[in-house]
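What follows is each chain in one-letter form.
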Amino acid sequence: MWVVKLSKFMCFLAGFSLVGLSAQATVVVRQLDVVPEGWSASLSASFEDSVAATQKRSHEVAFSVQHKTHKDEWRSFGSAAYGEVNDVENEDAQMLHLRHVRHAVYGAWRWESFAQTETDDFANLGHRNLLGTGPSRLFELSNGWRVLTLFSVMREAEDHSSDSTQNRRETRASLSLQGKYTSAYGWTLDAVGYWQPNLNGERKDRRVTTELALSFPVSQKLTFTTGYAYRFNGVPFEGVPRESRKLTSGFNYKF
């Protein structure tokens, strides 16, 4: 039965995330892990070095730190990624995200506020800074699913790495749907979808991201994770591809 429900959920998420096929989402955080009261943290890393006909090197690290009380959560997420193929750099990006969650603002509804800054050499992104806020609702289902939906508005500032004439200041909606399934055997599936249209009415300037991740416990604190991410940017900076796809695998350690 849960397989049928899982399939229906994944189809819905896929439909949600492909609406309009637009830009790389400017908020990409998974926040469905159960957070205990007090301080907690996790660290994940993936490394790949291979030498054959093609020499490839890829390194990525990410962290999260949380503090939770009965009514509030303060969260931070950060990541850094670097890659090269045949000694030619093909990835260099960093991100820091800060978020506050106020529980039970109106019944089961919560209120979230967030700030994010990031850079990406291969998107010609010198800096992207944003501030946003909006309501969210967490559903804990009896079949092993935790589902989070968030509706927010955010102000975004993008600075080109070398051409200031392409700098942008926009206001976007940020609609997200996240799901996390935890099986009786310990493995988990995370699914994330973001849709972020420009509120000025420009139809093609919409941003969509889909992320999937499977995690398998190695020990009580160590987990192996493999994932796939797809992003599409309807109006990227000049010369930057609209689509990006990425496969990752690595380990996550919880403190």
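Before reading on, note that the structure itself is shown above.
Conventions used here
Residues numbered from 1 in each chain as written. Predicted model: local features only at pLDDT ≥ 70, side-chain atom pairs only at ≥ 80, totals over all residues. Heavy atoms only, no water. Helix = DSSP H or I, 4+ residues; strand = E, 2+ residues; numbered from the N terminus. Buried < 20%, exposed > 50% of the residue type's maximum accessible area, 1.4 Å probe, protein only. Contact = heavy atoms within 4.5 Å. Areas by Shrake-Rupley, 256 points an atom, 1.4 Å probe, with all protein chains shown as cover. Core = buried A, V, L, I, M, F, W, Y, C linked by side-chain atoms within 4.5 Å. Pairing = 2+ DSSP bridges. 1 Å grid on protein atoms, 1.4 Å probe; cavity = no way out; pocket = protein on both sides within 12 Å on 5 of 7 lines; lining within 4 Å. Points joined across faces, edges and corners; volume = space filled by probe spheres on them. Nonpolar A, V, L, I, M, F, W, Y, C, P; charged D, E, K, R; others polar. Axes fitted to C-alpha atoms, helices over the stretch in contact; angles between N-to-C directions. Salt bridge = Lys/Arg side-chain N within 4 Å of Asp/Glu carboxyl O.

A count of helices and strands for the chain gives one helix and twelve strands. Secondary structure of the chain in N-to-C order comes out as α-β-β-β-β-β-β-β-β-β-β-β-β. In the chain, which comprises 255 residues, the proportion classed as buried is 43%. At a minimum sequence separation of 6, the contacts of the chain that also span at least 24 residues come to 54%. Per element, the accessible surface of the chain, about 13400 Å² overall, is 59% carbon and sulfur.

Let's shift gears to the nonpolar core. Core analysis: the largest hydrophobic core is formed by nine residues, namely Val-27, Val-29, Phe-77, Met-95, Phe-114, Leu-130, Met-154, Val-192 and Tyr-194. Ignoring anything within four residues of it in the chain, the contact list for Met-154 reads Thr-26, Val-27, Phe-114, Leu-130, Leu-131, Gly-132, Glu-170, Thr-171, Arg-172, Ser-174 and Gln-196. Of all hydrophobic cores here, the second largest spans five residues; its members include Val-147, Leu-177, Tyr-181 and Leu-189.

Our focus in this paragraph is the pairing of strand E5 (residues 109–120). As defined by bridge partners, strand E4 (residues 88–106) adjoins E5 across eleven bridges and the pair is classed as antiparallel. Bridged to Leu-96 within E5 is Thr-117. Here E4 folds back onto E5, and the loop between the two strands holds two residues, one of which, Gly-107, carries a positive phi near 65°. Strand direction decides the pairing type here: E5 and strand E6 (residues 125–140), joined by eleven bridges, are antiparallel. Residue pairing in the sheet places Gln-116 in a bridge with Leu-130 of E6. Taking the residues that link successive antiparallel strands as the turn, the E5-E6 hairpin has four residues, and the phi of Asn-124 there is positive, at about 55°.

Turning our eyes to something else, we now look at empty space enclosed by the protein. According to the stated counting rule, one finds one cavity of 30 Å³ or more in the structure shown. As a volume, the largest cavity reaches approximately 70 Å³. Forming the walls of the largest cavity are eleven residues, and the residues nearest its centre are Ala-123, Arg-128, Asn-233, Pro-236 and Phe-237. When grouped by side-chain class, the residues that make up the lining of the largest cavity number five nonpolar, two polar and four charged.

Pairing is antiparallel around the closed barrel formed by twelve strands, whose spatial order is E1-E2-E3-E4-E5-E6-E7-E8-E9-E10-E11-E12. Between one strand and the next, the sheet's axes are offset by a mean angle of 20°, whatever the strand orientation.

This model, assessed by the stated rule, comprises 21 salt bridges. In this structure, the salt-bridge partner of Glu-112 is Arg-99, at a minimum N-O distance of 2.5 Å. Here Glu-112 is found in strand E5, whereas its partner Arg-99 is found in strand E4, with 13 residues between them in sequence. For the pair shown, Glu-112 and Arg-99 are each scored as buried. Close ionic contact of Arg-207 with Glu-156 constitutes a salt bridge, the shortest N to O distance being 3.1 Å. Of this pair, Arg-207 sits in strand E10 (residues 206–217) while Glu-156 is found in strand E7 (residues 145–160), placing the two residues 51 residues apart along the sequence. Exposure class is identical for Arg-207 and Glu-156. Each is buried. Three or more residues are tied together by salt bridges with common partners; here these are Glu-118, Arg-128, Glu-156, Glu-158, Arg-168, Arg-172, Asp-205 and Arg-207.

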